[in-house]
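Structural overview
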Amino acid sequence: MLTSSTIIESLRSHRLVDGLTHSLYNYPARFSPDLTKEIVNRYSLPGDWVFDPFMGGGTCMVQSLAMGRNALGVDINSLAYLVAQIKTTPVNKNDVSEVQDWINVARKNPRTEIASLEILELKKHFPKHLLHFIDSLLEGVANLSTVRARRLARFVMLLVYQTHLNDRDRFPSYYEVKRRMQTEFDRIVLGLSKFENSCLEAGTTKAQLSARKKLLNKGVTGIEADLRIARLIGQPKLVFTSPPYPGVHVLYNKWQIASRKETSLPYYIGGIKDSLPSSGYTLGGRSKTGISEYFDLITSAFNSVAKVAHPNALIVQLIGFSNVRVQLSRYLEAMERAGYREEFPLTILRKRLWREVPNRKWYSSSREWDASREVLLFHRLA
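Scope of this entry: the structure provided in the associated data block.

Quick notes on the rules
- Residues numbered from 1 in each chain as written.
- Predicted model: local features only at pLDDT ≥ 70, side-chain atom pairs only at ≥ 80, totals over all residues.
- Heavy atoms only, no water.
- Helix = DSSP H or I, 4+ residues; strand = E, 2+ residues; numbered from the N terminus.
- Rg over C-alpha atoms; globule rule 2.2 N^0.38 Å.
- Buried < 20%, exposed > 50% of the residue type's maximum accessible area, 1.4 Å probe, protein only.
- Expected span 1.5 Å × (residues − 1).
- Arc of directions from axis to C-beta.
- Contact = heavy atoms within 4.5 Å.
- Polar contact = N/O pair within 3.5 Å; in protein donor to acceptor, adjacent residues only side chain to side chain.
- Phe/Tyr/Trp six-rings, centres within 6.5 Å; stacked < 30°, edge-to-face > 60°.
- Lys NZ or Arg CZ within 6 Å of the ring centre and 35° of its normal.
- Core = buried A, V, L, I, M, F, W, Y, C linked by side-chain atoms within 4.5 Å.
- Axes fitted to C-alpha atoms, helices over the stretch in contact; angles between N-to-C directions.
- Parallel < 35°, antiparallel > 145°, perpendicular 65-115°, else oblique.
- Left-handed = near helix turned anticlockwise from the far one by under 90°.
- Nonpolar A, V, L, I, M, F, W, Y, C, P; charged D, E, K, R; others polar.

Examining the overall build of the protein chain
Within the protein chain, the secondary structure is distributed over 13 helices and 12 strands. Radius of gyration (C-alpha) of the protein chain: 21 Å, near the 21 Å computed for a compact globule of 382 residues. Each of the three principal axes of the protein chain carries a C-alpha extent, and together these read 65 × 50 × 40 Å. Sorting the 382 residues of the protein chain into buried and exposed places 55% on the buried side.

As for helix H13 (residues 324-337)
For H13, which comprises 14 residues, the first-to-last C-alpha distance of 19 Å matches the rise-based estimate of 20 Å (1.5 Å per residue) to within 8%. Those residues of H13 that sit buried are Val324, Gln327, Leu328, Tyr331, Leu332, Ala334 and Met335. Down the axis, H13 shows its buried residues gathered within 155° of arc, on one side only. Exposed residues on H13 whose side chains face more than 90 degrees from its buried face are Arg325 and Glu336. Gly339 lies just past H13 and shows a positive phi near 100°.

A look at the environment of Ser32
Here Ser32 lies in the loop between helix H1 (4-12) and helix H2 (33-43). For the pair Ser32 and Asp186, spaced 154 residues apart in sequence, the C-alpha separation works out to 23 Å. With residues near it in sequence (within four places) discarded, Ser32 still touches Ser10 and Thr59. A polar atom in the side chain of Ser32 sits 3.0 Å from the backbone nitrogen of Asp34.

A look at the packing of aromatic side chains
Under the counting rule described, the total for this entry stands at 11 aromatic pairs. Measuring from ring centre to ring centre gives 6.0 Å for Tyr43 and Phe378, while their planes differ by 65°; the resulting arrangement is edge-to-face. Here the residue Tyr43 occupies a position in helix H2, and Phe378 occupies one in strand S12 (residues 373-381), the gap between them amounting to 335 residues. Considered together, Tyr43 and Phe378 belong to a single accessibility category, that of buried residues. Ring centres 5.1 Å apart and planes at 90° place the aromatic pair Tyr294 and Phe295 in the edge-to-face group. Across the pair, Phe295 and Tyr294 agree in class, each one buried. Here the aromatic residues Tyr294, Phe295, Phe321 and Tyr331 are joined through ring pairs into a cluster of three or more. It is Arg373 that lies over the ring of Trp354; its NZ or CZ is 4.4 Å from the centre.

Overview of the nonpolar core
Of all hydrophobic cores here, the largest spans 88 residues; its most connected members are Trp102, Tyr161, Phe302 and Tyr331. If you tally residues by element for this core, the top one is helix H8 (residues 147-165), at 11 residues. Setting aside anything within four residues of it in sequence, one finds Tyr161 in contact with Phe133, Ile134, Leu137, Asn166, Pro172, Val177, Trp255 and Ile269. Judged by nonpolar contacts, the second largest core, of 32 residues, contains Val50, Val62, Leu209 and Val316.

So, the packing of H1 against H2
At their nearest, the axes of H1 and H2 sit 8 Å apart, and the two run at 160° to each other. Our classification of the angle between H1 and H2 gives roughly antiparallel. Crossing of H1 against H2: the hand is left-handed. Along its contact with H1, which presents Ser4, Thr6, Ile7, Ser10 and Leu11, the element H2 presents Asp34, Leu35, Glu38, Ile39, Arg42 and Tyr43. A per-class count over the contact of H1 with H2 returns 5 nonpolar, 3 polar and 3 charged.

Some words on helix H7 (residues 128-142)
With 15 residues, H7 should reach 21 Å at 1.5 Å per residue; the first-to-last C-alpha distance of 21 Å fits that figure. Most of H7 is tucked away: 11 of the 15 residues are buried. Inspection of H7 places Leu130, Leu131, His132, Phe133, Ile134, Asp135, Ser136, Leu137, Leu138, Gly140 and Val141 among the buried residues, and these make up the whole buried set. The elements touched by buried residues of H7 are helix H5 (93-108), helix H6 (120-125), H8, helix H9 (174-201) and helix H10 (265-270).

A word on the packing of H8 against H9
Two elements in contact, H8 and H9, have axes separated by 9 Å at closest approach and are oriented at 120°. With respect to H9, the element H8 is oriented oblique. Considering only the axes of H8 and H9, their crossing is right-handed. The residues of H9 that touch H8, namely those facing Leu152, Phe155, Val156, Leu159, Val160, Tyr161, Thr163 and His164, are Glu176, Val177, Arg180, Met181, Glu184, Phe185, Arg187 and Ile188.

Set out below in structure tokens:
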């Protein structure tokens with residue numbers, strides 16, 4: 001039986017992100033699959049559309065599809081889009097075999113280097129031998145026969161280099177990279193197999209998956225005018241998301257290496273573009289002007305959400321603040337301007353539910369550090 005207590009327990013759980021494809025790629029600010037499962041279970045039915053307007057690494061998309069729901073996800077970050085696409089797209093045997101051959105060649109061959117493009121930002125942060133070896137691997141990726149296989153191989157590289165570089169102070173040798181490639185590939189294939197099986201148990205075949213999801217790489221404001229989702233207007237009955245946090249610096253588009261240097265290497269490996277400054281992914285900077293801009297952008301974003309979602313859709317958000325005393329009220333005002341009223345479906349006394357997040361490594365404009373706490377908000381259209 002679904003109860004309020006199960007949602008509260010999952011909200012406060014500190015269990016590691018795991019299961020299905022959830023642990024593939026450490027995208028910033030991931031929310032718990034356990035909480036997602038409880039929210040989706042309680043507030044939607046099989047066959048309903050679940051909408052995440054800030055989908056990030058795709059946790060809500062993965063869990064919704066695995067539970068027999070349809071999934072609509074939107075994110076302006078091309079890296080988020082790539083990760084979410086891979087985590088929700090089962091691979092076929094031919095692609096697996098081809099990528100495995102690519103790994104075998106890379107592991108058996110002696111050290112090879114080709115002339116690197118040496119993009120200025122990368123050249124500044126990384127030694128030439130590392131960039132040359134990455135390019136030699138990417139040259140092999142380019143020779144794979146299908147888009148799916150090439151995307152899968154790039155994802156293997158993303159996981160390998162994220163493990164060895166993100167928040168690390170040393171660069172991996174090519175021997176370490178080669179050893180890790182097989183480990184990460186096996187993890188990807190196993191995770192996708194579990195995801196496919198969960199979807200099948202929920203009544204969705206592999207062939208049906210592509211029709212039951214719609215992922216878009218764009219900002220959510222104005223999404224109602226996108227012809228790709230015209231038939232979905234008015235269908236999503238549950239919106240579950242975790243928007244960027246006001247005044248908090250989160251590296252959605254960078255890896256942090258060697259004493260907090262920031263690099264766009266994941267975009268180079270992924271073969272995608274990093275089209276915005278970091279403040280573009282967080283809806284504004286950490287200055288007073290940036291924070292004011294944030295609340296204007298949130299109002300615009302949820303105006304568009306209202307035009308896409310079902311008129312009686314429930315809007316559930318997990319969000320933190322750099323200064324909760326000031327910013328929570330401003331956030332609620334922004335939601336009111338967008339046409340929503342707050343609800344308290346889980347507590348008789350109309351109290352908001354909070355979550356403590358341990359070991360969070362983010363940076364705030366406020367001396368009063370609050371972003372290690374998150375609140376679960378519920379809204380409906382007024």
